[in-house]
Amino acid sequence: MCGIIGISSNKPVLTDIINSLKKLEYRGYDSAGIATLSDGEINEIKSEGRVDNLEQNFDLKNLKGNIGIGHVRWATHGIPNRINAHPHSSHNVSVVHNGIIENSTILKKTLISKGYKFKSQTDTEVIVHLISENLKTAELEEAVTKTLKQLHGSFALGIVFKDIPDLIVGARRGSPLAVGYGPNENYLGSDSYALKSMTNKITYLDDSEFCIVKKDEVNFFNEEGKKINKKILELSSDEESYQKGDFKHFMAKEIEEQPTTVKTGIKEYLDNVNNDVNLFNFPWKIDEIKSIKLIGCGTAYHSCLIAKYWFEELTSLDVNIDIASEFRYRNNRFKNDSLYIFVSQSGETADTYAALDLCNKNKMKTCSVVNVIESSIARNSNYVLPIHCGPEIGVASTKAFLGQILVLYILALKLGFLKNELEKIKYQEKIKDLKNLPNLIEKTLLLDSHIQSISSTFNEAKGSMFLGRGSSYPIALEGALKLKELSYIHAEGYPAGEMKHGPLALIEEGMPVVVLAPRDNYYKKTISNMQEVIARGAKVLLITNKSDDEVVSENIWETIEVESTNKDLLPFLLTIPLQKLAYYSALKKGYDIDKPRNLAKSVTVE
Ligand code: F6R
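As the structure is a computational prediction, the values presented were derived from the model and not from experiment.

Conventions we followed
Residues numbered from 1 in each chain as written. Predicted model: local features only at pLDDT ≥ 70, side-chain atom pairs only at ≥ 80, totals over all residues. Heavy atoms only, no water. Near = heavy atom within 4 Å. Polar contact = N/O pair within 3.5 Å; in protein donor to acceptor, adjacent residues only side chain to side chain. Areas by Shrake-Rupley, 256 points an atom, 1.4 Å probe, with all protein chains shown as cover. Helix = DSSP H or I, 4+ residues; strand = E, 2+ residues; numbered from the N terminus. Nonpolar A, V, L, I, M, F, W, Y, C, P; charged D, E, K, R; others polar. Domains from an automatic or database assignment. Salt bridge = Lys/Arg side-chain N within 4 Å of Asp/Glu carboxyl O. Buried < 20%, exposed > 50% of the residue type's maximum accessible area, 1.4 Å probe, protein only. Expected span 1.5 Å × (residues − 1). Arc of directions from axis to C-beta.

> So, the site of the ligand: which residues are in play, and what are the values?
Around the ligand sit 15 residues, and of these Ser344, Gln345, Ser346, Thr349 and Glu485 come closest. Residue lysine 482 places a side-chain N or O atom 3.0 Å away from an oxygen atom belonging to the ligand. Taken by itself the ligand offers 410 Å² of open surface, and the protein chains cover 90% of this. Secondary-structure elements contributing two or more residues to the shell around the ligand are α9 (298-314) and α17 (472-487). Taken together, the residues that form the shell around the ligand break down as six nonpolar, seven polar and two charged. For the shell around the ligand, the domains that each give at least three residues are domain 2 (251-435) and domain 3 (446-589).

Given below as structure tokens:
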């Protein structure tokens with residue numbers, strides 16, 4: 001959450017800061033601000049709302065300077081308004097911050113007693129005054145080291161100083177931060193995406209490190225303030241995948257990219273010659289793994305939930321799942337023979353990272369299923385299974401979800417086979433079916449106009465429900481999550497069999513209810529549950545797969561049929577109509593699809 005950019009150059013930096021902030025908006029978009037240094041002064045501008053507002057509200061020609069920092073905010077402390085927007089500046093220091101300073105109240109009290117004045121309600125402002133205070137008695141490196149030690153919580157920081165006008169200090173604990181290298185200029189950014197148009201040479205800061213960025217050199221320091229060397233990574237430059245192209249929204253593009261996501265995953269993990277799964281450099285012997293723990297947040301947690309059904313079906317492993325924010329604070333019984341799998345698109349989600357860190361500290365076997373392979377979660381896992389879906393920019397996760405479940409399914413197949421719990425013939429049949437999945441996804445995407453026509457009914461309703469059994473239950477949860485986050489319509493996902501235990505009371509005349517009833521082992525049971533909601537007035541949208549047997553039920557409002565395939569793969573196909581339903585419903589309401597209210601793409605605070 002929150003995006004940071006810093007540029008130290010031999011030419012004016014404003015335009016590049018503005019452009020980078022626009023790219024960073026997916027991390028937060030309730031306010032934006034910039035501070036530059038010129039003529040011995042800090043020049044600061046900030047606005048509520050989007051980066052565009054900065055351009056509209058200020059005459060940017062006046063914002064000169066070859067060095068500057070910028071920020072887009074996702075509010076934690078203090079409402080999203082201009083005063084709480086970053087940078088926060090005193091007459092001599094300006095700070096941009098991503099994260100939460102947990103001891104800000106106590107630090108603020110001490111600073112007020114020393115005569116410092118506070119303007120905002122944010123936790124960030126304490127950093128401005130704390131570093132000014134420490135600079136009274138120490139040189140820069142020592143003052144930064146001391147300041148960082150006084151801060152509790154998580155942060156990525158960019159700091160500029162009026163009296164040391166040739167550098168930016170960057171620091172990281174918990175929240176991601178990268179340094180980029182350009183010709184006669186260097187950069188600081190929340191992620192490589194913000195820096196991509198300027199450089200593909202990147203160094204990621206690790207926890208508790210800080211850096212001093214000048215236009216012609218960058219130095220790195222550990223938490224004791226000792227200089228350290230860091231590697232420069234060269235990232236592939238695929239600018240095109242960061243553009244919307246002909247699509248109206250990134251989400252629309254990312255939904256349509258899903259056949260490619262699956263094709264790429266198949267190419268990376270399947271051995272076509274031997275009809276086998278390749279898990280290159282898998283670091284453990286199969287007998288060392290007796291159980292699996294899957295951990296994630298939001299949509300990534302739903303991937304874990306589906307994977308549980310597959311692992312239980314294909315292996316005899318004991319499988320548990322957990323929401324990262326719950327796992328990290330529970331009294332966990334760590335097991336040496338368990339494989340801890342962390343699922344995350346961004347690889348930076350604070351709670352998932354903290355859960356991983358806890359497992360690493362307890363010397364557990366850790367594996368991550370991530371999209372961003374340079375991320376903190378990937379870099380700190382014993383083993384990484386990338387999902388290779390390319391940048392996902394829309395805040396609502398779509399192609400990353402399919403990428404995650406694909407990799408988890410492939411892992412379940414391989415472990416089942418290696419443990420002799422999935423016969424070779426079945427294993428290879430399933431691999432064969434998998435190869436046809438991109439084709440089936442392409443066909444499912446063609447259901448577009450039907451789904452678009454259905455979506456207005458959801459917009460007119462007070463609320464909606466999504467029901468499923470077995471592996472369709474997590475898909476129901478995912479469908480409900482997509483609808484609520486994009487269309488702001490109340491939507492509940494439920495195991496269809498739970499309705500009688502309370503939620504049935506919610507059903508009233510005309511309420512739209514999505515029933516996921518593919519022709520799997522649960523089909524008949526789900527259809528009975530569907531009839532129960534129809535009998536109570538629900539307007540049922542049935543999503544099933546094509547079959548010669550007609551659905552035996554009356555009064556179904558609408559039916560969508562996806563392609564038929566091996567039942568393991570039906571969750572992939574059932575997901576697509578639900579993504580489109582949420583998309584079209586938000587589109588009709590005129591909402592900001594790629595940046596839904598109150599949300600941000602990368603949740604780097606807990
Ligand atoms: C919902 C969504 C979120 C993320 C969650 C975890 O559409 O995108 O629920 O899935 O914030 O994010 P990652 O996968 O980056 O850890």
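> Provide a residue-level description of the pattern of salt bridges, including the pertinent values.
Per the stated rule, a full pass over the model turns up 37 salt bridges. Taking the shortest distance from any N to any O, the salt bridge between lysine 11 and glutamate 185 comes out at 3.0 Å. Highlighted residues: lysine 11 in the loop between β1 (3-9) and α1 (14-24) and glutamate 185 in strand β10 (residues 185-189), separated in sequence by 174 residues. Residue classification places glutamate 185 among the buried residues on the basis of a relative accessible area of 5%. Between glutamate 313 and lysine 567 there is a salt bridge whose closest N-O contact spans 3.5 Å. Taken together, the residues span a long stretch of sequence, with glutamate 313 in helix α9 and lysine 567 in the loop between β27 (558-562) and α19 (570-589) at a distance of 254 residues. In this structure glutamate 313 comes out as exposed when scored by relative accessible area, which is 51%. Each of the salt bridges in this network shares a partner with another, and the network as a whole consists of Asp206, Glu209, Lys230 and Arg379.

> Break down unusual backbone geometry for me, citing the residues and quoting the values.
For the peptide bond that leads from histidine 86 to proline 87, omega is 0°, which places it in the cis range. Position of proline 87 among the secondary structure elements: in the loop between β4 (67-73) and β5 (88-89). For serine 208, which is not glycine, the phi dihedral falls at a positive 70°. Position of serine 208 relative to the elements: it lies in the loop between β11 (201-204) and β12 (210-213). The backbone of asparagine 555 shows a phi angle near 65°, a positive value even though the residue is not glycine.

> Pulling in residues and values, what's your account of helix α8 (residues 258-269)?
With twelve residues, α8 should reach 16 Å at 1.5 Å per residue; the first-to-last C-alpha distance of 16 Å fits that figure. Every buried residue of α8 is accounted for by Gln258, Pro259, Thr261, Val262, Gly265, Ile266 and Tyr269. For α8, the buried positions fall inside an angular range of 160° around the axis, keeping them on one side.

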